[in-house]
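Listed here are the chains, written in short residue letters.
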Amino acid sequence: MELKIGSQDLARALGRSQGIVERKSTMPILSHVLLEAKKGNELQISATDLDLSVSSTHTCEVAKEGALAVSAKHLYEIVKALPEQTVTLKRAGNNYLEVKSGPSEFRIVGLPAEDFPALPRFEKLTFVDIDPKSLLDQIERTFFAASNDETRYNLNGVFFEPQGAVLRLVATDGHRLTVSERPLAGDFGLKKGVILPKKGLSELRKLLTEAAEVGEEKSTSQLGFAENSAVFKRPGVILVMRLIEGLFPDYKQVIPKQGEKIIKLGRQRFLETLRRVSLLSSDKSHAVKLELSAGTLRVLSQNPDLGDAREDVPVEYAGEPLKIGFNSRYLTDVVAALKADDVQLELADDLSPGVLKGAGEPDAGYTAVVMPMRI
Amino acid sequence: MPFSELQAQDRAVGALQAALRRGRLHHAYLLGGPEGVGKGTAARLLAQAANCEGPGARVDGLPEDACGECAPCRKIARGTHPDVFLLQEERVMAKAGRWEPKGGRTPSREIVVDQVRDLVDHRLSMRRFEGRRRVVVIDPADAMNVQAQNALLKTLEEPPEGTTLVLVSSSPDALLPTIKSRCLRVAFAPLPEPIILAHLVAAGQPPEAARLAAALSGGSLSRALGLDAEALSERRAALEGAASLTAADAGRWVAFAREHGDDREAAAGLGELLLIWWRDVLVAQAGGAGLALAELAPLTRRTAAAITPAEALRRRGLTERLLGALRQNAAAPLAIERMLIGWFHGR
């Protein structure tokens, strides 16, 4: 392997991999990046922690093809500090990497490229063009409901369930559930839904945000699924994340049929009220009580150590009165994720789950279910 | 490096290869048998064969054997395959830089519950990375403490799809019954003396020392290789001493315990030899030939005639307890003394 590349380009490329490589690694190879000099004057840089892999392609002058894995951190630090605009990377005997730039020369101990975990082959995958903004929106509106409890790993991610021309994303932690549906321009060829890990989704969000900012053509961002992983492609970047093992719970059972009591209220006002009133709710449960009567929703919180708070919110409602408790965090997360001017809250009784929806076009296809608390 | 590198384990290897041939690996294996007879190697070979991409690859089922040449085979041999995990004692893994104890604790000499949880919650919660079959090797499985074993139960019963757990243990009966009942047991036999002898001679040991080492190894190649000539004759003498102690002379037990309790390693070595010797006693009582410690045959037969098989088993159990106590930092002289009191005064 021998190639010549701009120092800054290389530093930027390596910078991206820094977040991926494991610091405290169980396998030494995972703290390395794989450098591959390919035909067509391309340098491919790959980093992986096994759960998440990122490869990026960069233009350079390839004198000799080949590949080598070297310590990600050290190469990055060296390249950042180089004196000249260009740098030559050359593989020397015994897996050493020679880095030359003007007067400075480095020799870094590397590992053979074969030791680097093989990224899934995706030449044969079916990729579907996606709209970065739309997918980003779907992820951001479901993501927060995924569980952080490591022992329930099948909930530590977002369930992707493509059904016909619809892509459905579902996340739950057992106390709340979010579902987002959007039209999809293609078929992933998945037999059943898959669970994408939170860590991978955070990285995917970064890439989608970049894509949305650049305002790229719609067809340049693509998503596909291999047997065990999800693959996202943008020009020059490929992100591969390992799917979570296990079954996603049958979430459809959790979503109540249309509730009897349908309340409509201003989103912004409701959000502010919840934030204000929850200031005095207990640190652990964040409980707030909702007292519903015709035309008014009273939001209360009570904490024996601190005191109590209440606020009345005008609502569109004319049915029976109802008292119900919720974790205010769960409500604010959802209300903040909505975009329409009005929120629609559906309730049945004080022990049945509440359903939150946006009352308007920007929130079409989005539903959140929040379990009540006994207070 | 194919299965043929394992010698004299035809039955165990046959069972594993038959499963490979059918393409139906069990989800949990327990490879049991004396130390140093190839259990760990067999576990590695199983992982290699299940993931081999060499010429042996078949359409229906898995390759029966590993080629040792293809990328997965080499990765597994070097320990860099992302779908093959080796779980060892915390101390060993920490030293190799593959594990960091939580909260800066001193690494334990057991396999602790944190390690098992990390395996179950992190490593097995994701789908496979590149391999055809994920293999988890736990070696030695009896190093898992009770909490760790309990944390493994659910996974052991029903591992994620395409995953095989291989427990390797030289004292499989020390595992919880709930663990044992969830595994398919594959028994490894002690190696025949001539094979060990041939290995030792090939490794350049003088024939006379090699013969003694082979005899004292109890069918374990690793133990035979670890014994140097001097330590060997010392241990043999110690064993002979212990075997010829009698109930009548308590003063000699105490002296014996003090003499051999100085050096933990030596005490543990003696304990292991004693286990082999008690096995010999039982073999002699059952009328079998083929004593592992042929040199001590007269003494063995005398003991065999003097006590009942139940008593021999009981004394063997006490010897196992000695080894357990030594692993857990007991004072060696006291532990030996306790074993001897148990031998002669226990009920």
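Fair warning: this is a prediction, and the values are worked out from it, not measured in the lab.

1. Some remarks on the overall build of chain B
No. 1: The helix and strand tally for chain B stands at 16 helices and five strands.
No. 2: Taking 347 residues into account, the globule formula puts the C-alpha radius of gyration at 20 Å, and chain B, at 22 Å, falls close to it.
No. 3: A principal-axis box enclosing the C-alpha atoms of chain B has dimensions of 65 × 45 × 35 Å.
No. 4: Looking at chain B as a whole, 50% of its 347 residues qualify as buried.
No. 5: Taking the contacts inside chain B whose residues are at least 6 apart along the sequence as the reference set, 68% of them involve residues at least 24 apart.
No. 6: By element, 53% of the accessible surface of chain B is carried by carbon and sulfur atoms, the whole surface being about 15,900 Å².

2. Observations concerning the pattern of salt bridges
No. 1: Applying the stated criterion across every chain, the model contains 38 salt bridges over all chains.
No. 2: A:E311 is the partner of A:R269 in a salt bridge, and the nearest nitrogen-oxygen pair spans 3.1 Å. With A:R269 in helix α5 (residues 267-277) and A:E311 in strand β21 (residues 307-314), this pair connects stretches of sequence that are 42 residues apart.
No. 3: With its nearest N and O atoms 3.3 Å apart, the salt bridge here joins B:R44 to B:E5. Of this pair, B:R44 sits in helix α2 (residues 39-51) while B:E5 sits in the segment before α1 (10-22), and the two are 39 residues apart along the sequence.
No. 4: With a relative accessible area of 23%, B:R44 lands in the partly exposed category.
No. 5: The exposure class assigned to B:E5 is partly exposed, which follows from its relative accessible area of 34%.
No. 6: Each member of the salt-bridge network shares a partner with another, and the members are A:D137, A:R141, A:R182, A:K339 and A:D363.

3. Describing the side chain of A:S104
No. 1: Take A:S104: it is sitting in strand β9 (residues 104-111).
No. 2: Here A:S104 is in contact with A:L82, A:P83 and A:V99, once residues within four sequence places are set aside.

4. Notes on the environment of A:D131
Residues and elements named next belong to chain A.
No. 1: Among the structural elements, D131 can be located in the loop between β10 (127-129) and α3 (132-142).
No. 2: Classification of D131 by relative accessible area gives partly exposed; the value is 33%.
No. 3: Each C-alpha atom of the pair D131 and L208 lies 9.0 Å from the other, and the pair is 77 residues apart in sequence.

5. Digging into a positive patch on the surface
Residues and elements named next belong to chain A.
No. 1: Taken together, the side chains of K64, K90, R91 and K100 present a region of like positive charge at the surface.
No. 2: With respect to the element layout, K64 can be found in strand β5 (residues 61-64).
No. 3: Given a relative accessible area of 53%, K64 falls into the exposed group.

6. A look at the nonpolar core
Proteins that are soluble and globular tend to have nonpolar side chains buried together.
Residue and element names in this part refer to chain B.
No. 1: Judged by nonpolar contacts, the single largest core of 78 residues is most densely connected at Y29, L31, V166, W277 and L340.
No. 2: Of all the elements, helix α13 (residues 264-285) adds the most residues to this core, at nine residues.
No. 3: Residues lining this core come from more than one domain, with at least three contributed by each of domain 1 (2-187) and domain 2 (228-345).
No. 4: If sequence neighbours within four positions are ignored, W277 has contacts with L239, A243, L293, L296, L299, T300 and T303.

7. Thoughts on unusual backbone geometry
No. 1: Between B:D139 and B:P140 the backbone carries a cis peptide bond, its omega angle lying at -5°.
No. 2: Note on placement: B:P140 falls in the loop between β3 (134-138) and α6 (146-157).
No. 3: We note that A:L50 has phi near 80°; this positive angle belongs to a residue other than glycine.
No. 4: A positive phi angle is found at A:N95, which is not glycine, with a value near 60°.

8. Some words on the sheet that holds strand β22 (residues 322-327) of chain A
Hydrogen bonds between backbone groups are what pair the strands of a sheet, and the pairing can be parallel or antiparallel.
Residues and elements named next belong to chain A.
No. 1: Strand order in the open sheet formed by four strands is β21-β20-β19-β22, with antiparallel pairing between adjacent strands. Across the chains shown, the open sheet's two edge strands, defined by having one partner strand only, are β21 and β22. In this sheet, adjacent strand axes meet at a mean angle of 20° when their direction is disregarded.
No. 2: Running over the sheet, helix α6 (residues 328-337) touches β19 (287-293) and β22 and is turned about 85° from β22.

9. Re the interface of chain B and chain A
No. 1: Taken together, the 24 residues of chain B in the interface contact 25 residues of chain A.
No. 2: Sorting the residues of chain B by area buried against chain A places B:M126, B:R127 and B:F129 first, and these three jointly supply 35% of that buried surface.
No. 3: Inspection of the region where chain B meets chain A yields three salt bridges.
No. 4: Measuring nitrogen to oxygen at the nearest pair gives 3.6 Å for the salt bridge that ties A:E227 to B:R128.
No. 5: Counting across the chain B and chain A interface gives ten residue pairs in polar contact (both at pLDDT 80 or more).
No. 6: Contributions of two or more residues to the side of chain B that touches chain A are made by α3 (71-78) and α5 (113-123) of chain B.
No. 7: Counting residues per element, the side of chain B that touches chain A draws most heavily on α5(B), which supplies four residues.
No. 8: Its residues assigned to classes, the side of chain B that touches chain A shows six nonpolar, five polar and 13 charged.

10. Concerning the pairing of strand β14 (residues 194-197) of chain A
Looking along a regular strand, one sees side chains alternate from face to face of the sheet.
All names here are of chain A.
No. 1: Burial along β14 is two-sided: V194 and L196 and I195 and P197, pointing in opposite directions, are all buried.
No. 2: Of the pairings in the sheet, the one linking strand β11 (residues 157-163) to β14 comprises four bridges and is antiparallel in character. Note on β14: the bridge partner recorded for F159 is I195.

11. Describing the confidence of the model for chain B
Residues and elements named next belong to chain B.
No. 1: Summing up the model confidence of chain B, the mean pLDDT is 86 and the portion of residues at 70 or higher is 98%.
No. 2: Within chain B, strand β4 (residues 163-169) carries the highest mean pLDDT (95), whereas helix α9 (residues 207-216) carries the lowest (76).
No. 3: Here the predicted complex carries an ipTM of 0.75, next to a pTM of 0.77.

12. Points about the packing of aromatic side chains
What characterises a pair of aromatic rings is the spacing of the ring centres plus the angle enclosed by the ring planes.
Residue and element names in this part refer to chain B.
No. 1: Across all of its chains, the model carries nine aromatic pairs over all chains by this definition.
No. 2: Ring centres of W277 and W278 lie 4.9 Å apart, and the angle between their planes is 55°; this geometry places the pair in the tilted category. The burial state of W277 is the same as that of W278; both residues are buried.
No. 3: Aromatic ring contacts, followed pair by pair, group W253, W277, W278, W343 and F344 into a single cluster.

13. Comments concerning a negative patch on the surface
No. 1: A cluster of like negative charges, contributed by B:D228, B:E230, B:E234, B:E259, B:D262, B:D263 and B:E265, occupies part of the molecular surface.
No. 2: The topology assignment puts B:E230 in helix α11 (residues 229-243).

14. A word on the pairing of β19(A)
All names here are of chain A.
No. 1: Taking burial as the measure, the seven residues of β19 include five buried ones, the bulk of the element.
No. 2: Pairing between β19 and β22: six bridges, direction antiparallel. Looking across to β22, one finds that A287 is bridged to N327.
No. 3: Here five bridges tie β19 to strand β20 (residues 296-303), and the two strands are oriented antiparallel to one another. Note on β20: the bridge partner recorded for L292 is L297.

15. Here's the deal with the domain arrangement of chain B
No. 1: As assigned here, chain B comprises domain 1 (2-187) and domain 2 (228-345).
No. 2: On a C-alpha basis, the centres of domain 1 of chain B and domain 2 of chain B stand 33 Å from each other.

16. Structural notes on α6(A)
No. 1: Counting buried residues along α6(A), seven of its ten residues qualify, which places the element largely inside the surrounding structure.
No. 2: Every buried residue of α6(A) is listed here: A:S328, A:Y330, A:L331, A:T332, A:V334, A:V335 and A:A337.

17. Points about the state of the cysteines
Here, the word disulfide means a covalent bond between the sulfur atoms of two cysteines.
No. 1: On inspection of all chains with the given rule, the structure shows zero disulfides over all chains.
No. 2: No disulfide involves B:C67; its sulfur sits 3.5 Å from the nearest other cysteine sulfur, which is in B:C52.

The rules behind these values
- Numbering of residues starts from 1 in each chain and follows the order in which that chain's sequence is written.
- Here every chain gets a letter starting at A, and every ligand a number starting at 1, in the order they are written.
- In view of the model being predicted, local features appear only for residues whose pLDDT reaches at least 70, and side-chain atom pairs are presented and counted only at 80 or more, with totals across whole chains, interfaces and linings using the full set of residues.
- Side-chain figures throughout are based on the complete set of non-hydrogen atoms in the structure, without hydrogens or water.
- What counts as a helix is a DSSP run of H or I of at least four residues, what counts as a strand is a run of E of at least two, and both are numbered from the N terminus.
- Throughout, the radius of gyration refers to the C-alpha atoms, and the reference size of a globule is 2.2 Å times the residue count to the power 0.38.
- Exposure categories follow from relative accessible area, calculated using a 1.4 Å probe and restricted to protein chains: below 20% of the type maximum is buried, above 50% is exposed, and the middle band is partly exposed.
- Pairs of residues are marked as contacts when any of their non-hydrogen atoms sit within 4.5 Å.
- Each accessible area value is a Shrake-Rupley result obtained with a 1.4 Å probe; residue values ignore everything except the protein chains displayed when judging cover.
- When a carboxyl oxygen of Asp or Glu is within 4 Å of a side-chain nitrogen of Lys or Arg, the pair counts as a salt bridge.
- Residues with no salt bridge and a relative accessible area higher than 30% make up the patches, which join like charges within 9 Å and nonpolar side chains (Val, Leu, Ile, Met, Phe, Trp, Tyr) within 5 Å.
- Neither His nor the chain ends contribute to the count of charged residues, in which Lys and Arg are positive and Asp and Glu negative.
- One atom stands in for each charge, and that atom is NZ of Lys, CZ of Arg, CG of Asp or CD of Glu.
- Here, the term nonpolar core denotes a set of buried Ala, Val, Leu, Ile, Met, Phe, Trp, Tyr and Cys residues that are joined through side-chain atoms within 4.5 Å.
- Boundaries between domains were set according to an automatic or database domain assignment.
- Between any two strands, pairing holds if DSSP finds at least two bridges.
- Fitted lines through C-alpha atoms give the axes, limited to the stretch in contact for helices. The angle between two N-to-C directions lies from 0 to 180 degrees.
- Note: buried area is the sum, over both parts, of the accessible area (probe 1.4 Å) each one loses when the two are combined.
- The term polar contact refers here to a pair of N or O atoms within 3.5 Å; inside protein, the definition further demands a hydrogen-donor-capable atom paired with an acceptor-capable atom, and it admits residues adjacent in sequence only when both atoms are side-chain atoms.
- Ten residue types, Ala, Val, Leu, Ile, Met, Phe, Trp, Tyr, Cys and Pro, are classed as nonpolar, four, Asp, Glu, Lys and Arg, as charged, and the remainder, Gly among them, as polar.
- A score between 0 and 100, pLDDT records how confident the predictor is in each residue.
- Stacked, tilted and edge-to-face are the three classes assigned to paired rings of Phe, Tyr and Trp, where Trp is represented by its six-membered ring and a pair needs centres within 6.5 Å; plane angles under 30 degrees give stacked, over 60 edge-to-face, the rest tilted.
- Cysteine sulfur pairs qualify as disulfides if the two atoms are within 2.5 Å.

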